[in-house]
Amino acid sequence: ANLSRKERQKLAKAEEKEERRRYVLEREAALKRQEQEETYLERKERSRAEEEERFMAEKERNERDWKEYDKFRTMFKIGGSSGEAVLVKDFVAFMERNKVVAVDDIADQYGLCRDVVIKRIKEIEEEGRINGVFDDRGQFIHLTTDEMAEVADIVRREGRITLEKLACEFSRLQQMKIGDFRSE
């Protein structure tokens, strides 16, 4: 208690230094707590994002699997009164072999109704397994890629063209191909 002025100043300075040190330590601890909270929140957010990413990947995988299953499933159709399975490849081969087929003939051949045949042909065409057009008489005309290019050339050359004219040109092309085939 009987301290000299110099000793009191020294003591005050030491207390001030200790107070600053405590303040710095408290500040560092608060920053560390805040950093830990942010890290925790970041980890939690990252974990949630990863979980969401896993969920989306699983969902995509399931959708892909279902599409693949559906594609495989559509390779088979049940037709005919005997219930035999009709492979799509046989269906496609029939159209490729006959070139111009009446939808009713396909329906009779495979024991399916006309609407189902039209739907199946459109599905197979969308899959890119065949190319062709339906005419106004209920026939499907199978076209190869080369034939499609020839038809496109005709349309380019003639400009606007009626369906009748296009059908005539196509028939002429088909007759030329049949003639070429017979002369070989």
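Placed above this text is the structure.
What counts as what
- Residues numbered from 1 in each chain as written.
- Predicted model: local features only at pLDDT ≥ 70, side-chain atom pairs only at ≥ 80, totals over all residues.
- Heavy atoms only, no water.
- Patch = residues over 30% accessible without salt bridge, like charges linked within 9 Å, V, L, I, M, F, W, Y side chains within 5 Å.
- Areas by Shrake-Rupley, 256 points an atom, 1.4 Å probe, with all protein chains shown as cover.
- Salt bridge = Lys/Arg side-chain N within 4 Å of Asp/Glu carboxyl O.
- Lys, Arg positive; Asp, Glu negative; His and termini not counted.
- Charge placed at Lys NZ, Arg CZ, Asp CG, Glu CD.
- Helix = DSSP H or I, 4+ residues; strand = E, 2+ residues; numbered from the N terminus.
- Buried < 20%, exposed > 50% of the residue type's maximum accessible area, 1.4 Å probe, protein only.
- Expected span 1.5 Å × (residues − 1).
- Arc of directions from axis to C-beta.
- Core = buried A, V, L, I, M, F, W, Y, C linked by side-chain atoms within 4.5 Å.
- Contact = heavy atoms within 4.5 Å.
- Pairing = 2+ DSSP bridges.

### Notes on a negative patch on the surface
- On the surface, Glu35, Glu37, Glu38 and Glu42 cluster together into a negatively charged patch.
- Note that Glu42 resides in helix 1 (residues 5-73).
- Residue Glu42 is classed as partly exposed on the basis of its relative accessible area of 47%.

### A word on helix 4 (residues 114-126)
- Taking 1.5 Å per residue, 13 residues should reach 18 Å; helix 4 reaches 18 Å between its end C-alpha atoms and fits that length.
- For helix 4, the full list of buried residues reads Val117, Ile118, Arg120, Ile121 and Ile124. Here the buried residues of helix 4 occupy an arc of 165° about the axis, which is enough to place them on one side. Across helix 4 from its buried face, at more than 90 degrees, point the exposed residues Asp115, Lys119 and Glu126.
- Just downstream of helix 4, Gly128 is the residue with a positive phi angle, here 85°.

### Examining the nonpolar core
- In terms of nonpolar packing, the biggest core is built from 17 residues, with Phe91, Met95, Ile106, Val117, Ile121 and Ile130 touching the most fellow members.
- A per-element tally of this core places helix 2 (residues 88-98) first, with five residues.
- Not counting residues up to four positions away in its chain, the partners in contact with Val117 are Phe91, Val103, Ile106, Ala107 and Leu112.

### What about the pairing of strand 5 (residues 139-142)?
- Where strand 3 (residues 100-102) and strand 5 come together, three bridges link them in antiparallel fashion. Among the inter-strand pairings, Val100 is bridged to a residue of strand 5, identified as Ile141.
- Direction of pairing for strand 4 (residues 132-134) relative to strand 5: antiparallel, over a ladder of three bridges. The residue bridging Gly132 from the neighbouring strand is His142, located in strand 5.

### What about the pattern of salt bridges?
- In total, this model carries 13 salt bridges according to the counting rule given.
- One salt bridge connects Arg48 with Glu45, and the closest N-O pair in it is separated by 2.7 Å. Note that Arg48 and Glu45 are positioned in helix 1 at a spacing of three residues, about one turn of the helix.
- The partner of Glu147 in a salt bridge is Lys99, with the nearest N and O atoms 2.7 Å apart. Of this pair, Glu147 sits in helix 5 (residues 145-158) while Lys99 sits in the loop between helix 2 and strand 3; the two residues are 48 residues apart in sequence, bridging distant segments of the chain.
- The exposure class assigned to Glu147 is buried, which follows from its relative accessible area of 3%.
- Residues joined in a network through salt bridges with shared partners are Glu45, Arg48 and Glu52.

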